[in-house]
There are 2 protein chains.
Amino acid sequence: MSGKQRAKIPEPAIRRLSFYRRHLADLAALGVATISSREIAQVYGLEPFQVRKDLSYFGSFGRRGRGYPVRTLLRRLERILGLDRRWRIALVGAGNIGMALFRYAEYRRQGFEIAAVFDADPRKIGTRLEHGVTVQPMERIGAAVAELGIRIGIVAVPPGAAQQAAEALAAAGIKAILSFPGGQVLVPKDVALRRVNLEADLEALSYFLANK
Amino acid sequence: MSGKQRAKIPEPAIRRLSFYRRHLADLAALGVATISSREIAQVYGLEPFQVRKDLSYFGSFGRRGRGYPVRTLLRRLERILGLDRRWRIALVGAGNIGMALFRYAEYRRQGFEIAAVFDADPRKIGTRLEHGVTVQPMERIGAAVAELGIRIGIVAVPPGAAQQAAEALAAAGIKAILSFPGGQVLVPKDVALRRVNLEADLEALSYFLANK
């Protein structure tokens, strides 16, 4: 998950940059011109030095004591996060979670578009979804990824089918996969895999409740 | 997210414990008696010392060179993660994401049960769901949490409604909240908040693709 031209940036920092970006977009929409690291830090319960350090990975922004120019910082963060372009996504799994993701409008505004949906269940294949997308058989992944210029894959299948889905995406040349099912998924070394692990999130909360 | 009786355990370690637990449950089901830190590490692409360190937060397990006894380690991890009991959950938001979560069977097996569902939309109130659950109005959160012994809240509402939903859960005495909408949600200091932030996950992937 690191850039080659830059110092290795820890994943939690990248995640915080996403939060800063969202806050800066709100501020820009409100016409706010500058913001201090202290103000950004307060929103997220962080220390100001943490914010300054996170932003320093990408060179120097703003001037000490003057704060950061909101629009400039926003545009730099968008470019850093790859949000200055559109990303097409292949979704594997047209079940409850998959369809909720497909219909979740929030990330479309950030430039992420689920351009193709695949499922192993013959009864689902051919189902017409919104945005002109139709559920396709798994065998179509390679062709669709090439035709549509898809770069990101989402796996939303039952746990037992996750490995096969991830392999099919990797075989199609996908280098970035977001996976929903729990359990183990192995991908080639050059593929970035992120897990949205609801069980692990719930377990972190039950850990908190059981140990507080 | 820290226990008071124990050393503060970093969140990534807690997350890894969730993965180890799942793997150990699979091994126990297969009848495997012992496992080494090296074997656990290989499954997740970690270094063995990382696994040993994660497990050492909870006292000493197993013996050097002999591996860990699978069933004992599994039971200890379950107890540590609070999975030796059932947790009742209040879900706020009966939209696409909320309903997908409600129907997602995977975490039920771990002892997490969505026992009540709330929505602000009058048209949804009274809708009968599976498992004998009916969508209730937001005003019922306090009473339902008390009646059903609910300890965990899930927020799955549009971003603009997230703060109000989190506050309603906190006011009802909920100390652990899992939140889906992006953007800022503030909760009292004694409430643990975890965000499942799909946009941030996608942005981490676009960052990877844009910078590799």
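Counting from 1, residues in each chain are numbered in the order their sequence is written. Written order determines the labels here, with chains lettered from A and ligands numbered from 1. Whole-chain, interface and lining totals are the exception, using all residues; otherwise, since this is a predicted model, local features are given only for residues with pLDDT of at least 70 and side-chain atom pairs are given and counted only at 80 or more.

**Student:** Sorry, what's going on with the pairing of strand β6 (residues 152–155) of chain B here?
**Tutor:** Working note: regular strand, side chains alternate between the two faces of the sheet. Residue and element names in this part refer to chain B. Burial in this document is a count-based property: other C-beta atoms within 10 Å of a residue's C-beta are tallied, and the residue is buried at 20 or more, exposed at 12 or fewer, or partly exposed in between, with C-beta positions derived from the backbone. Helix and strand definitions follow DSSP, with helices as H or I runs of at least four residues and strands as E runs of at least two, each counted in order from the N terminus. Here β6 shows a buried face lined by Ile152 and Ile154 and a second buried face lined by Gly153 and Val155. Direction of pairing for strand β3 (residues 87–92) relative to β6: parallel, over a ladder of 4 bridges. Bridge pairing in β6 links alanine 90 to glycine 153. Pairs of strands are assigned from DSSP output, requiring at least two bridges between the strands. Across 4 bridges, the pairing between β6 and strand β7 (residues 176–179) is parallel. Residue pairing in the sheet places isoleucine 152 in a bridge with alanine 176 of β7.

**Student:** Before we go on, may I ask you to explain the sheet that holds strand β3 (residues 87–92) of chain A in this structure?
**Tutor:** Strand pairing in a sheet is mediated by backbone hydrogen bonds. Such pairs are either parallel or antiparallel. Read from one edge to the other, the open sheet built from 6 strands follows the order β5-β4-β3-β6-β7-β8 (chain A), with strand pairing classed as parallel. Strands with a single pairing partner mark the edges of an open sheet, and in this sheet they are β5 (135–137) and β8 (192–195) of chain A. Neighbour-to-neighbour, the strand axes of this sheet turn through a mean angle of 25°, independent of strand direction. Any two residues are considered in contact once their C-beta atoms, placed from the backbone, lie within 7 Å. Interaxial angles span 0 to 180 degrees and are taken between N-to-C directions of axes, which are lines fitted to C-alpha atoms, for helices over the stretch in contact. Lying over the sheet, helix α5 (residues 96–103) of chain A contacts β3, β4 (112–119) and β6 (152–155) of chain A, oriented at roughly 160° with respect to β3(A). Helix α8 (residues 198–211) of chain B rests against β3, β4, β6, β7 (176–179) and β8 of chain A of the sheet, and its axis sits at about 165° to β7(A).

**Student:** Sorry if this is basic, but what is going on with the domain arrangement of chain A here?
**Tutor:** Many authors give the size of an interface as the accessible area that is lost as the parts come together. Domains are outlined according to an automatic or database domain assignment. Domains assigned within chain A are domain 1 (11–80) and domain 2 (87–200). Relative placement of domain 1 of chain A and domain 2 of chain A: their C-alpha centres are 31 Å apart.

**Student:** So what exactly am I meant to see when it comes to the packing of helix α8 (residues 198–211) of chain A against helix α1 (residues 11–29) of chain B here?
**Tutor:** Geometrically, a packed helix pair is captured by the angle between its two axes and the distance between the axes. Interhelical geometry of α8(A) versus α1(B) gives an angle of 115° and a closest axis separation of 9 Å. α8(A) and α1(B) meet at a crossing whose hand is right-handed. Touching A:Glu199, A:Ala200, A:Glu203, A:Ala204 and A:Tyr207 of α8(A) are B:Glu11, B:Ile14, B:Arg15 and B:Ser18, all from α1(B). For this scheme, ten residues count as nonpolar: Ala, Val, Leu, Ile, Met, Phe, Trp, Tyr, Cys and Pro. Four count as charged, namely Asp, Glu, Lys and Arg, and the remainder, Gly too, count as polar. Here the contact of α8(A) with α1(B) is composed, by residue class, of 4 nonpolar, 1 polar and 4 charged. Each crossing is labelled by how the near helix is turned from the far one, with a counterclockwise turn of less than a right angle marking it left-handed and a clockwise turn marking it right-handed.

**Student:** Honestly, the sheet that holds β7(B) in this entry has me stumped. Any pointers?
**Tutor:** One open sheet holds the 6 strands; their spatial order is β5-β4-β3-β6-β7-β8 (chain B), and the pairing between them is parallel. Only two strands of the sheet have a single neighbouring strand rather than two, namely β5 (135–137) and β8 (192–195) of chain B. For this sheet the average axis-to-axis angle between neighbouring strands, irrespective of direction, equals 25°. Two strands pair when backbone bridges link them, and strand β4 (residues 112–119) of chain B and β5(B) are joined in this way by 3 bridges, in the parallel orientation. Among the inter-strand pairings, B:Asp119 is bridged to a residue of β5(B), identified as B:Pro137. Running at roughly 165° to β7(B), α8(A) makes contact with β3, β4, β6, β7 and β8 of chain B of the sheet. This element, helix α5 (residues 96–103) of chain B, spans β3, β4 and β6 of chain B of the sheet and lies at about 160° to β3(B).

**Student:** Sorry if this is basic, but what is going on with the packing of α5(A) against α5(B) here?
**Tutor:** Put simply, α5(A) and α5(B) touch, their axes get as near as 9 Å, and they point 170° apart. By the angle class used here, α5(A) and α5(B) are roughly antiparallel. Contacts from A:Asn96, A:Ile97, A:Ala100 and A:Arg103 of α5(A) reach α5(B) at B:Asn96, B:Ile97, B:Ala100 and B:Arg103. Taken together, the residues of the contact of α5(A) with α5(B) break down into 4 nonpolar, 2 polar and 2 charged. Relative orientations are named as follows: roughly parallel for angles under 35 degrees, roughly antiparallel for angles over 145 degrees, roughly perpendicular for angles from 65 to 115 degrees, and oblique for any other angle.

**Student:** Would you take a moment to explain the confidence of the model for chain A for this structure?
**Tutor:** Interpreting fine coordinate detail is not advised for predicted regions of low pLDDT. Residue and element names in this part refer to chain A. The score called pLDDT rates the predictor's confidence residue by residue, from a low of 0 to a high of 100. Of all residues in chain A, 92% attain a pLDDT of 70 or more, and the chain-wide mean is 86. Mean pLDDT across the elements of chain A bottoms out in α8 (81) and peaks in β5 (98). Predicted confidence is poor over residues 1–5, with pLDDT under 50, and the contacts of this stretch with residues over four places away or in other chains come to 10 contacts.

**Student:** Quick question: what am I supposed to make of the environment of B:Pro69 here?
**Tutor:** All names here are of chain B. Assignment of secondary structure puts proline 69 in strand β2 (residues 68–69). A count of 16 C-beta atoms within 10 Å places proline 69 in the partly exposed class. Expressed as a C-alpha distance, the spacing of proline 69 and isoleucine 35, which sit 34 residues apart in the sequence, is 6.6 Å.

**Student:** Honestly, α8(B) in this entry has me stumped. Any pointers?
**Tutor:** Think of an α-helix as 3.6 residues a turn; residues three or four steps apart then line up on the same face. Residues and elements named next belong to chain B. For a helix, the expected span equals 1.5 Å multiplied by the residue count minus one. Between its first and last C-alpha, α8 extends 20 Å over 14 residues, near the 20 Å set by a 1.5 Å rise per residue. Of all the 14 residues making up α8, 10 are buried; the element is thus mostly covered by neighbouring parts of the structure. Considered for burial, the residues of α8 that qualify are Leu198, Glu199, Ala200, Leu202, Glu203, Ala204, Leu205, Ser206, Tyr207 and Phe208.

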